[in-house]
Amino acid sequence: MTRVPSVINRLLSTPSDVLADKIRHRLWSFAEKRQTAPAGDAPPLASPWVAPPSNTDTAELEAILDRATRVLHGHIEIFGRGIPVTGTAPDWLRDPFSGCTWPLVHHSSIDVLDLGRPSDARVVWEISRFQHLIPVAQAFTLTGEHRFASICLAQIESWIEDNPPGVGINWTSSMEVAIRAVVWTWLLTAIEGSPSLTASRRALIGQSLWAHGEHLTRHLEHEAHSGNHYLTNAL
């Protein structure tokens, strides 16, 4: 019973706009768990961007190509540690450091701070930020070799298949959703012009980006003293 007054006091001291966003987040989580209808069609992605002439020096080009080639060969680096990738893409739900796999349930049902789970959610989130593909997309822009664009698209497609909207560890933090959307948008811009970026792939990724945006509007990380999470949501 001692918790009741403290909860009431916390609610009374919470700014009304923050409280409204928290209520919206709870209501949408409740509705999403019962939602079975697929998301509507997303508008098409914007088209072609032409890369400016490159003035990349030889050493920098070699460094980019080395990092990109390592990804193609199944090696990515997270928090300074190498992670081997079997097949086309990482296991998006598995923490490679602990070997723990997060459950594929609605994001509101996952406790990322569960002390009984020997896994740091930030490891899985970092992989799903897709920042390891930035040098790969750069390599395509600099060389025009379509193998670099192909692996970018294959990994994005794999992620979409394994992470339905609102389901799983990779939807628990809206900041992570926002970062991933920004990185995907940059990657697609960088690999524009590759024949691997077909109309069907554009539609698939565009629909997922639309779902990312919907998620952010429903689950803003708005606090009385909002910080980097809320700022990232706004991007």
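Now for a description of the structure that goes with this document. Not measured: the values here are computed from a predicted model. (Residues numbered from 1 in each chain as written. Predicted model: local features only at pLDDT ≥ 70, side-chain atom pairs only at ≥ 80, totals over all residues. Heavy atoms only, no water.)

1. Structural notes on the nonpolar core
The condition that has to hold: In this text, buried Ala, Val, Leu, Ile, Met, Phe, Trp, Tyr and Cys residues form a nonpolar core when linked through side-chain atoms within 4.5 Å. Burial here depends on accessible area, computed with a 1.4 Å probe over protein chains only, as a share of the maximum for the residue type. Under 20% is buried, over 50% is exposed, and the range in between is partly exposed. The numbering of helices and of strands both runs from the N terminus, where a helix is a DSSP run of H or I of at least 4 residues and a strand a run of E of at least 2. Only heavy atoms enter the contact rule, under which two residues are in contact if any of them lie within 4.5 Å.
Counting residues in hydrophobic clusters, the biggest one holds 40 residues, and the most contacted among them are F130, V136, W184, L187, I191 and I205. Of all the secondary-structure elements, those providing two or more residues to this core are α3 (58-72), β1 (75-78), α5 (134-143), α6 (146-162), α7 (174-190) and α8 (199-218). The greatest single-element share of this core, amounting to ten residues, is contributed by α7. Contacts of I191, omitting those with residues within four sequence positions, involve A137, F140, A149, C152, L153 and L197. L93, I110, V124 and I169 belong to the second-largest nonpolar core, a separate cluster that totals seven residues.

2. Digging into α8
Count 3.6 residues to each turn of an α-helix, and residues three or four apart come out pointing the same way. Put simply, the rule reads: Expected helix span is taken as 1.5 Å per residue step, with the number of steps being one fewer than the number of residues.
Over its 20 residues, α8 runs 29 Å from end to end, which matches the ideal 28 Å to within 8%, given 1.5 Å per residue. Residues R201, R202, I205, G206, S208, L209, A211, H212, H215, L216 and R218 constitute the buried set of α8.

3. A few points about the packing of aromatic side chains
Threshold: Any two of the Phe, Tyr and Trp rings considered here, Trp counted by its six-membered ring, make a pair once their centres fall within 6.5 Å; the pair's planes then place it as stacked at under 30 degrees, edge-to-face at over 60, or tilted in between.
Here the structure, examined in full by the defined rule, presents four aromatic pairs. Between F130 and W184, the aromatic rings sit 5.6 Å apart at their centres with planes inclined by 85 degrees, giving edge-to-face as the arrangement. Residue F130 is located in the loop between α4 (121-127) and α5, and its partner W184 is located in helix α7; the two are separated by 54 residues in the primary sequence. Ring plane angle 50 degrees and centroid distance 5.7 Å describe the contact between W159 and W171, whose orientation is recorded as tilted. You can see W159 sitting in helix α6 and its partner W171 sitting in the loop between α6 and α7, a full twelve residues away along the chain. A residue is classified by how much of its surface remains accessible, and W159, at 0% relative accessible area, is buried. By relative accessible area, W171 is classed as buried at 1%.

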